[in-house]
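Here is what each chain is made of, one letter per residue.
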Amino acid sequence: MPVELCVPNRLTLDSSAGGGGTEKTSQVDVSVEASAEESHVDIIDIRAGQQPLDLATAIRSSLENRNEHDHRTLPSLLLWNEKGLKLFEELTYVPEYYLTNSEIALLKAHNRELAAQIEPGTILLELGSGNLRKTRILLEAIEAQGKRVDYYALDLDRAELERTLGQLVEAGRFEYVRCHGLHGTYEDGQAWIAHPENAGRHRCVLSLGSTLGSSPPNEAAAFLRSWADTLRAGDDSGSSTSRMILGLDGCQDAERVCAAYNDPDGVNERFILNALDNANAHLGYQEFDARDWTVEGHWDAERRRHVQYLVPRMNADIIFPHETDPVAVAVQADERVLVGSSYKFDDGDRARMFRESWLAVVGEYLSPDGSYGVFYPQGETAHSEYSTDMQGY
């Protein structure tokens, strides 16, 4: 398999970066979600059953059971706690992280065209909203056109929704665009937008920052198709429209990709290592010391993806409590534990994804080198018009 090693920044972390030399049996704060202060921002809790995510079982299972490529893994959701979101926001300002700059340039160049396609009364739902720096470009264009719409930012972390939406609406920036937060998972958001009171309105789903790249093309296509089906299901009358705006990265330049995920200041490394501290929070005890681990990034040319691993500096026994005897998972020194993948979708990947999702691209905007694109697909009403035989691509 052609895999190119991206030389990582191997940092020696102080106690403030994680671990702090605490014994494994010492207790840590088990509250995974920070309690946000009362805010003027409208945040709606749409979590099914109002239960917090339980990742402790997933952590153990993913370390005990190797994946199809014989790697141990950690759930990628561990990256996205409040601290992880802030670190990722910092990463998006790193010059080498081309994805954000490419998308911002496209949105600035074409925001009025995109806004022109948004009907008054539309629900704009953004999946994994992040810091909203890019979204603001589109919302300000909609505001300038005097269209009353409702923007909903969907995210797992309520505290970050409070912070980022608060910054977005400060100083009375919007008169026509009303901003809200949805606290929940993608599945919760899908159920919410299918509610009868929402299904009868114009709807547009946003997924910026190549968020879909966290999954391989076939899974990304299934994800898109699921959302497209949800939007179509509530659009039987023909009186409303359902669309998407997607940012997708297709860069195949190994050197450029590796530089984006291995910045000289080590922001990406701190972002990845934070998953270990978040794992401790979910487990309820201090099992991982981030100072004992490092980060490696690789360009996997065969699968067109960048992968990131957590690698122990020495042999590690990961201990999990059990009703009788504790269970130990032995991870060898320099063994790679997969924590994240970033797929880069080429023209063929994108064609398959849209075709298998029964989505017709009615607009696309590409960076000068064609490696990054913002796409504007619209759901087709008749599945029968399309063949699922992809041999022609």
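Provided above is the structure to which this section pertains.
Here the residue numbers are simple positions, counted from 1 along each chain's written sequence. Where local features are concerned, this predicted model is filtered to residues with pLDDT of at least 70; where side-chain atom pairs are given and counted, the filter is 80 or more; whole-chain, interface and lining totals use all residues. The basis for the side-chain values is all heavy atoms of the structure; hydrogens and waters are excluded.

S.K.: What is the right way to read the overall build of the chain from this model?
M.R.: A run of DSSP states H or I qualifies as a helix once it reaches four residues; a run of E qualifies as a strand once it reaches two. Both are numbered from the N-terminal end. Counting its regular elements, the chain contains eleven helices and 15 strands. The cut-offs for exposure are 20% and 50% of the maximum accessible area for each residue type, with area from a 1.4 Å probe on protein chains only; residues under the lower value are buried, those over the upper are exposed, and the others partly exposed. For the chain, the proportion of its 393 residues judged to be buried stands at 52%. Sequence separation of 24 or more characterises 78% of the internal contacts of the chain that already satisfy a separation of 6 or more. Of the roughly 17,600 Å² of accessible surface on the chain, 48% is carried by carbon and sulfur atoms. Whether two residues are in contact is decided by their heavy atoms: any pair within 4.5 Å suffices. Surface accessibility follows the Shrake-Rupley procedure with a 1.4 Å probe radius. Residue values consider only the protein chains on display as shielding.

S.K.: Is there a simple way to explain the sheet that holds strand β14 (residues 359-366) in this structure?
M.R.: Sheet strands line up and pair through hydrogen bonds in the backbone, either parallel or antiparallel. The rule for pairing is simple: two strands pair if DSSP sees at least two bridges between them. Judged by pairing direction, the sheet is mixed, and its eight strands sit side by side in the order β2-β6-β5-β4-β7-β8-β15-β14 without closing on themselves. Each of the sheet's edge strands pairs with one partner strand only, and the pair in question is β2 (42-45) and β14. With direction set aside, neighbouring strand axes in the sheet form an average angle of 20 degrees. Pairing analysis gives seven bridges linking β14 to strand β15 (residues 372-379), with the strands arranged antiparallel. When the sheet's bridge partners are listed, Tyr365 is paired in β15 with Val374. The sheet contacts of helix α3 (residues 98-116) involve β8 (242-249), β14 and β15, and relative to β15 the element is tilted by about 50 degrees. Fitting a line to C-alpha atoms yields each axis, with helices limited to the stretch in contact; the angle taken between N-to-C directions then spans 0 to 180 degrees. Seen against the sheet, helix α11 (residues 347-356) touches β8, β14 and β15 and runs at an angle of roughly 160 degrees to β8.

S.K.: Can you walk me through helix α4 (residues 133-144) in this structure?
M.R.: Within an α-helix, residues lying three or four positions from one another point in the same direction, as the helix has 3.6 residues per turn. Here α4 is twelve residues long and its end C-alpha atoms lie 17 Å apart, about the 16 Å a rise of 1.5 Å per residue gives. Buried residues of α4: Lys134, Thr135, Ile137, Leu138, Leu139, Ala141, Ile142 and Glu143, and no others. Downstream of α4 by a residue or two, Gly146 has a phi angle that is positive, lying close to 70 degrees. Any helix carries an expected span of 1.5 Å times its number of residues minus one.

S.K.: Would you mind going over the pattern of salt bridges with me for this structure?
M.R.: Think of it this way: side chains of opposite charge can pair up when their charged atoms draw near. Here, a salt bridge means any side-chain nitrogen of Lys or Arg that lies within 4 Å of a carboxyl oxygen of Asp or Glu. Under the counting rule described, the total for this entry stands at 27 salt bridges. The partner of Arg270 in a salt bridge is Glu90, with the nearest N and O atoms 3.6 Å apart. Taken together, the positions of Arg270 in helix α10 (residues 267-283) and Glu90 in helix α2 (residues 82-91) put the pair 180 residues apart, joining distant regions of the chain. Residue Arg270 is classed as partly exposed on the basis of its relative accessible area, which comes to 28%. Note on Glu90: relative accessible area 38%, which makes it partly exposed. Here Asp150 makes a salt bridge to Arg178, at a shortest N to O gap of 2.9 Å.

S.K.: Where do I start with α11 in this structure?
M.R.: Here α11 has its buried residues at Asp349, Arg350, Met353 and Phe354. With its buried residues spanning 120 degrees around the axis, α11 presents them on a single face. Where α11 is buried, its residues meet α8 (217-233), β8, β14 and β15. Pairs of N or O atoms are called polar contacts if they sit within 3.5 Å, as long as, within protein, a hydrogen donor faces a hydrogen acceptor (for residues adjacent in sequence, only side-chain-to-side-chain pairs). Among the residues of α11, the N-terminal cap falls to Asp346, whose side-chain oxygen and the backbone nitrogen of Gly348 are separated by 3.1 Å. This arc corresponds to the set of directions leading from the helix axis out to the C-beta atoms.

S.K.: I keep staring at unusual backbone geometry and nothing clicks. Help me out?
M.R.: Most peptide bonds take the trans form, and the phi angle of most residues other than glycine is negative. A positive phi angle, close to 55 degrees, is found at Ser210, a residue other than glycine. Here Ser210 is to be found in the loop between β7 (203-207) and α8.

S.K.: It is not clear to me how the nonpolar core should be interpreted in this structure. Could you clarify?
M.R.: Most often, soluble globular proteins have nonpolar side chains that are buried together. Nonpolar core, defined: a set of buried Ala, Val, Leu, Ile, Met, Phe, Trp, Tyr and Cys residues in which side-chain atoms within 4.5 Å join the residues together. Within the largest apolar cluster, 45 residues are counted, with the highest numbers of intra-cluster contacts made by Leu124, Leu139, Ile142, Tyr151, Leu165 and Ile245. Those residues within four positions of Leu165 in sequence are excluded, and the remaining contacts are Val41, Ile43, Leu132, Tyr151, Ala153, Glu160, Cys179, His180 and Gly181. Among the nonpolar cores identified, the runner-up in size contains 27 residues, and Ile59, Ala290, Leu310 and Val337 belong to it.

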